[in-house]
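An overview of the molecular structure
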Amino acid sequence: MNAMTFAETLTGALVMAPMTKGSNLPYRRLCVELGARVTMSEMTVARRLKQKRKGEFALIRRAPDEPFFGVQLAGTNPEEMAWAAGLVESRGADWVDINFGCPIDHFTRKGLGASIGRQPNRIRRIVDAMKRGVTRVPITAKIRLGWNDDDRNFLDQAKAAADGGADAITVHGRTRNARYRLAADWDAIGQVVRAVPVPVIGNGDVLFPHEIGEARARSGCVGVMSARGVLIKPWLFREATEGYLDLDGEARVAIYRRYVTLALEHWGDDDHGRARVREFLRWHVGFWCRYARRRADGTWPTMQQREDAPVLRSPLEALLARADEAALEFVTDGLLSGAPLDPERAPALQASTDDTDVVVEG
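Residues numbered from 1 in each chain as written. Predicted model: local features only at pLDDT ≥ 70, side-chain atom pairs only at ≥ 80, totals over all residues. Heavy atoms only, no water.

**A few points about the side chain of Arg293**
What counts here: Runs of E in the DSSP output that reach at least two residues are strands. Runs of H or I that reach at least four are helices, and both are numbered from the N terminus. Burial status follows relative accessibility: with a 1.4 Å probe on protein chains alone, a residue under 20% of its type maximum counts as buried, one over 50% as exposed, and anything between as partly exposed. Side-chain atoms alone can form a polar contact between residues adjacent in sequence; in general such a contact is a pair of N or O atoms within 3.5 Å, and within protein one must be able to donate a hydrogen while the other accepts it. By definition in these notes, contact holds between two residues if any of their heavy atoms fall within 4.5 Å.
Tracing the backbone through its elements, the reader meets Arg293 in the loop between helix 14 (271–288) and helix 15 (315–320). Classification of Arg293 as buried rests on a relative accessible area of 2%. Polar contacts involving the side chain of Arg293 include one to the main-chain carbonyl oxygen of Val311, which spans 2.9 Å. Side-chain polar atoms of Arg293 contact the side chain of Glu317, separated by 2.7 Å. In this structure, Arg293 is in contact with Tyr244, Asp246, Leu247, Asp248, Pro301, Val311, Leu312, Arg313 and Glu317, ignoring residues within four places of it in sequence.

**A closer look at helix 8 (residues 154–164)**
Those residues of helix 8 that sit buried are Phe154, Gln157, Ala158, Ala160, Ala161, Ala162 and Gly164. Turning to helix 8, the residues buried within the fold contact strand 5 (95–100), helix 7 (120–133), strand 6 (139–144), strand 7 (168–172) and helix 9 (186–195). Two residues or fewer after helix 8 comes Gly165, characterised by a positive phi angle close to 110 degrees.

**Let's talk about the layout of surface pockets**
Here is the rule we go by: Using a grid of 1 Å spacing that covers the protein atoms alone, one calls a set of points a cavity when a 1.4 Å probe fits there but cannot get out, and a pocket when the set is open and has protein on both sides within 12 Å along at least five of seven lines; lining residues are those with an atom within 4 Å of a point. Grid points are joined across faces, edges and corners, and a volume is the space filled by probe spheres set on the points. The residue classification treats Ala, Val, Leu, Ile, Met, Phe, Trp, Tyr, Cys and Pro as nonpolar and Asp, Glu, Lys and Arg as charged. All others, Gly included, are polar.
Quantified by volume, the second largest pocket comes out at close to 300 Å³. Taken together, 16 residues make up the lining of the second largest pocket; nearest its centre are Cys289, Arg290, Arg306, Glu307 and Pro310. Classifying every residue of the lining of the second largest pocket gives ten nonpolar, two polar and four charged.

**Points about the pairing of strand 6**
Let me state the cut-off plainly: By the criterion used throughout, a crossover qualifies as right-handed when its path from the first strand across the helix to the second strand runs clockwise, the strands pointing away from the viewer.
Counting buried positions over the six residues of strand 6 gives six, a clear majority of the element. Residues of strand 6 alternate between two faces, with Ile139, Ala141 and Ile143 on one and Thr140, Lys142 and Arg144 on the opposite face, all of them buried. As a crossover connection, the stretch from strand 6 through helix 8 into strand 7 is right-handed.

**Examining the packing of aromatic side chains**
What characterises a pair of aromatic rings is the spacing of the ring centres plus the angle enclosed by the ring planes. The cut-off we apply is this: Here the aromatic set is Phe, Tyr and Trp, taking the six-membered ring for Trp, and pairing holds for ring centres within 6.5 Å; pairs whose planes are under 30 degrees apart are stacked, those over 60 apart are edge-to-face, and all others are tilted. Ring-over charges, as used throughout, are those where CZ of Arg or NZ of Lys falls within 6 Å of the ring centre and within 35 degrees of the ring normal.
Applying the stated criterion to the full structure yields twelve aromatic pairs. Three or more aromatic residues joined by ring pairs make a cluster, and in this case those are Tyr27, Tyr256, Tyr259 and Trp288. Over the ring of Trp147 we find Arg118, and its NZ or CZ is 4.3 Å from the ring centre. For the cation-ring pair, Arg144 lies above Tyr180, with the distance from its terminal atom to the ring centre recorded as 5.1 Å.

**A look at empty space enclosed by the protein**
Tallying each qualifying case throughout the model produces four cavities of 30 Å³ or more. Looking at the largest cavity, its volume works out to about 70 Å³. Among the secondary structure elements, those contributing two or more residues to the lining of the largest cavity are strand 9 (223–226) and helix 11 (228–232).

**A closer look at unusual backbone geometry**
Although it is not a glycine, Lys52 adopts a positive phi angle of roughly 60 degrees. You can see Lys52 is positioned in the loop between helix 3 (46–50) and helix 4 (54–59). For Asp205, which is not a glycine, the phi torsion comes out positive at approximately 75 degrees. Summarising the element assignment, Asp205 is placed in the loop between strand 8 (200–203) and helix 10 (209–219).

**Some details on the environment of Leu316**
One can find Leu316 in helix 15. Leu316 sits 67 residues away from Gly249 along the chain, and the two C-alpha atoms are 6.0 Å apart. Not counting the four nearest positions on each side in its chain, Leu316 is found in contact with Gly249, Glu250, Val253, Leu341 and Pro343.

**A closer look at the packing of helix 13 (residues 249–267) against helix 14**
Applied cut-off: Only the stretch in contact is used when a helix axis is fitted, and all axes are lines through C-alpha atoms; the angle between N-to-C directions ranges over 0 to 180 degrees. Should an angle lie under 35 degrees it is considered roughly parallel, over 145 roughly antiparallel, and from 65 to 115 roughly perpendicular; all remaining angles are considered oblique. A clockwise turn of the near helix away from the far one marks a right-handed crossing, whereas an anticlockwise turn of less than a right angle marks a left-handed crossing.
It is at 9 Å that the axes of helix 13 and helix 14 come closest, and there the two elements cross at 150 degrees. Comparing their axes, helix 14 and helix 13 come out roughly antiparallel. The two elements helix 13 and helix 14 meet at a crossing, and its hand is right-handed. Between helix 13 and helix 14, the residues in contact are Arg252, Tyr256, Tyr259, Val260, Ala263, Leu264 and Trp267 and Gly273, Arg274, Arg276, Val277, Phe280, Leu281, His284 and Trp288, respectively.

**Points about the environment of Asp105**
Within the secondary structure, Asp105 sits in helix 6 (residues 105–108). Accessibility expressed as a relative area gives 28% for Asp105, which makes it partly exposed. The spacing of Asp105 and Leu231 is 126 residues in sequence and 22 Å in space, taken between C-alpha atoms. Ignoring any residue separated from it by four or fewer positions in sequence, one finds Asp105 in contact with Arg176 and Arg179.

**Description of the packing of helix 9 against helix 10**
At a closest axis distance of 8 Å, the pairing of helix 9 and helix 10 adopts a crossing angle of 50 degrees. On the basis of their axis angle, the class for helix 9 and helix 10 is oblique. Here Trp186, Asp187, Ile189, Gly190 and Val193 of helix 9 come into contact with helix 10, specifically with Ala215, Arg218 and Ser219. When grouped by side-chain class, the residues that make up the contact of helix 9 with helix 10 number four nonpolar, two polar and two charged.

**Quick look at the pairing of strand 8**
Spelled out, the test is: Criterion used throughout: strands pair if DSSP finds at least two bridges between them.
Residues of strand 8 alternate between two faces, with Val200 and Gly202 on one and Ile201 and Asn203 on the opposite face, all of them buried. In this sheet, strand 8 lies alongside strand 7 in parallel orientation, the contact comprising four bridges. Following the sheet pairing, Thr170 is matched in strand 8 by Ile201. Traced from strand 7 through helix 9 to strand 8, the parallel crossover comes out right-handed. Alignment of strand 8 against strand 9, held across three bridges, turns out to be parallel. Paired with Asn203 across the bridge in strand 9 is Met225.

What follows is the structure in structure tokens.
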């Protein structure tokens, strides 16, 4: 695929972000059914591929119905990353992304993710090596704005990636220290757009379809990437082309049950497979409960602020909006078993222990 065709693929696209756990294969399949046309794997560590770890190879597996599938690689050694890029190309990836932005301590302490963002020269070397490690697929880089507000070196990072030969750059509009707590800085993303000669994808805080166009207009980026938005609303991909969809509780449950079907196909409908499905399903339910529709006064909820009084139109919707552990477990078990989600049989409300603001994303 040449660069122009790749740029055309990205233009106007809502790209599914690479998310540990969130970008699992059955969830990507669900999103494709709901309109996603550009998807990406969970973050994959190049060294673990080199060590032939079975679990890591599972992350780079492409679903047969994914129109345009990318694999995100993390690593510090240019030669190792180049080898891994060639491997995932041979396994059917349409593009390879490099993780220069993961903020999680477990990875940054090992020098991965956002730690590399502090060393633009290393970014350049890794991109250059990976470009030489593939024969046909584009190589892209995903960065954050910097390590913290005192070290917002995003222009240096982006220019280094472009100098190394990156075919596109994704910019998450927050620093490493900000994690996901602050609103994304789309003006900074716009600075990158104007500073580099390659397409830029903007990432941060997109939850409703009108925000996609606003983000592109504000920054000038060719496409928009979503992480938490598509975890909360996998039908955001359909909204990107059709406009806002006011789904009721029954329609949402039908989508969630479709995920269960796809997950059982993937992991297996035996004891081991169902245990695996339940682990992922419970995690997803912790995001699905955050769904909030347009407010009665016509204004919109935001990604960074939980709704104190979401618009709920039925007892089922009230159940789906609960974030306490008892309710999340009840919904998970009901979805997995195929049993009706009867609000009258739900456990009493408990204090919420929801922690789903933590998204391991590059």
